Amino acid sequence: MIHNGDLARFSRHALRALAFTAVPAFLLVQNAVAQGRPNVAAKPSGNDVNKTYELSDKDTRPYDKHDFNGIWARNPSAQFHQPPCPECRDNSRPSYGYFGDIPPMTPEGEKRFLANRPTKGYVAGSKEALANSDIHVGYRRAVQSALSNDPEERCEPLGLMRLVTFSGGNPPMQIVQTKEIIIERFEWFWDNREIWTDGRGLPKVEDYLPRFNGYSVGKWEGDTLVVTTVGLDDRQWVDAYGYPVSEKAVLEERYSRPTRNRLRLDMTLTDPANYTRPWHSSTKVWGYIPKEAASVAGWSGIVEDRCVPADNSYFRSFEPEPAGAKKDK
């Protein structure tokens, strides 16, 4: 799958585009494991939920803990030549998921989960999948794009949690904040979501059409922004691994800025249609990217990294034939 914005950033991040297009999408996470990156060090489990990480940011200059404006990335050193942020990487294998302690699924949730066929994670039946049998099956059942029903493979909207969990890992996230609204802009898929902080209440889900990014309102509890989202479109997945979401789901996000150059997030998904108890995510941490570090040819900001169906089809053509596929004569 091609990320078009990678081409614009080519001079600053050599071969980044090729890293996402020269291999099938289902191999990306395996390659990360093989390379021994710190974000694949440990099993995703309850031990990583709401953990208070030791922060590597040593910047002691004063800052506003209620100001999230700016560009944020979870790999700031590799992409933007900023100081390393080891706590920004997912403490799990594979990477870039919701993670946390996965609750048991309801019968309906299990049915929908099994119907979703992701391209991310360890390939089903591979030696990597067999060697990591201690982690949830959702992370070790990847298939080729041709056999997948992953919305990303068709350039369909990713949905809120998937945008948040993937954003910053490779494509960064930009936050634009005013007194009344906060906009999160996601480089990958060139999407955005609204968080209203003007005091409005949540809508009644039955009175509104569901949306891929839902309806979000936020309020401050001390130095933590608590965001509640309802009305999520049930065609989205929780993350790249095919975990389902229902229209009745409620997502709570808790954002804080513990140091000048770190943004922290913990999420709780409550979805009784699919899961038998609330699902707490692993903690996500981003590093702040100064404007001058996010510059391509003198233009600062995130790039237009859309998923274009025509380009996506072209790069998928490089995938090997799936096992058992009939070849045209």
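Residues numbered from 1 in each chain as written. Predicted model: local features only at pLDDT ≥ 70, side-chain atom pairs only at ≥ 80, totals over all residues. Heavy atoms only, no water.

### Regarding the packing of aromatic side chains
- Taken as a whole and assessed by the stated rule, the structure comprises 14 aromatic pairs.
- Taken together through their ring pairs, the aromatic side chains of Tyr 98, Phe 99, Phe 113, Tyr 139, Tyr 241, Tyr 243, Tyr 275 and Trp 279 make up a single cluster.
- Between the NZ or CZ atom of Arg 74 and the centre of the ring of Trp 286, over which it lies, the distance is 5.9 Å. (Phe/Tyr/Trp six-rings, centres within 6.5 Å; stacked < 30°, edge-to-face > 60°. Lys NZ or Arg CZ within 6 Å of the ring centre and 35° of its normal.)

### Here we look at the pairing of strand β2 (residues 173–177)
- Where burial is concerned, most of β2 is hidden: 4 out of the 5 residues are buried.
- As judged from the 3 bridges shared by strand β1 (residues 70–73) and β2, these two strands associate in the antiparallel manner. Within β2, the residue paired with Gly 70 across the bridge is Ile 175.
- Looking at chain direction, β2 and strand β3 (residues 181–186) are connected through 5 bridges and run antiparallel. Residue pairing in the sheet places Ile 175 in a bridge with Glu 184 of β3.
- Joining the antiparallel neighbours β2 and β3 is a turn of 3 residues. (Buried < 20%, exposed > 50% of the residue type's maximum accessible area, 1.4 Å probe, protein only. Helix = DSSP H or I, 4+ residues; strand = E, 2+ residues; numbered from the N terminus. Pairing = 2+ DSSP bridges.)

### Notes on the nonpolar core
- Among the nonpolar cores identified, the biggest contains 44 residues, and Val 238, Tyr 243 and Leu 269 are the most heavily contacted of them.
- Of all the secondary-structure elements, those providing two or more residues to this core are α7 (160–166), β2, β3, β6 (224–230), β7 (250–259) and β8 (262–270).
- Looking at this core element by element, the count peaks at 5 residues for α7.
- Of all hydrophobic cores here, the second largest spans 7 residues; its members include Ile 71, Ala 73, Ala 293 and Ala 294. (Core = buried A, V, L, I, M, F, W, Y, C linked by side-chain atoms within 4.5 Å.)

### Quick look at the pattern of salt bridges
- Tallied over the full model, the rule gives 20 salt bridges.
- Arg 93 is paired through a salt bridge with Asp 134; the nearest N and O atoms lie 2.7 Å apart. Taken together, the positions of Arg 93 in the loop between α4 (76–80) and α5 (107–115) and Asp 134 in the loop between α6 (127–131) and α7 put the pair 41 residues apart, joining distant regions of the chain.
- With a relative accessible area of 14%, Arg 93 lands in the buried category.
- Residue classification places Asp 134 among the partly exposed residues on the basis of a relative accessible area of 40%.
- The closest approach of N and O atoms between Glu 184 and Arg 193, which form a salt bridge, is 3.0 Å. (Salt bridge = Lys/Arg side-chain N within 4 Å of Asp/Glu carboxyl O.)

### Re the pairing of β8
- Within β8, 8 of the 9 residues are buried, which leaves it mostly tucked inside the rest of the structure.
- Sheet topology note: the β7/β8 ladder contains 8 bridges and is antiparallel. Across the sheet, residue Glu 253 finds its bridge partner in β8, namely Met 267.
- Between β7 and β8, which follow one another and run antiparallel, lie 2 residues.

### Here we look at the side chain of Ser 148
- Within the secondary structure layout, Ser 148 lies in the loop between α6 and α7.
- Of note is the side chain of Ser 148, whose polar atom sits 2.5 Å from the backbone oxygen of Arg 117.
- In this view, Ser 148 contacts Arg 117, Pro 118, Thr 119, Val 143 and Glu 153; residues no more than four positions away in its chain are not counted. (Polar contact = N/O pair within 3.5 Å; in protein donor to acceptor, adjacent residues only side chain to side chain. Contact = heavy atoms within 4.5 Å.)

### What about the environment of Val 238?
- Along the chain, Val 238 turns up in the loop between β6 and β7.
- In this structure Val 238 comes out as buried when scored by relative accessible area, which is 0%.
- Sequence separation between Val 238 and Leu 163 is 75 residues; the distance between their C-alpha atoms is 9.4 Å.
- If sequence neighbours within four positions are ignored, Val 238 has contacts with Tyr 98, Met 161, Arg 162, Tyr 243, Pro 244, Val 245, Leu 269, Tyr 275 and Trp 279.

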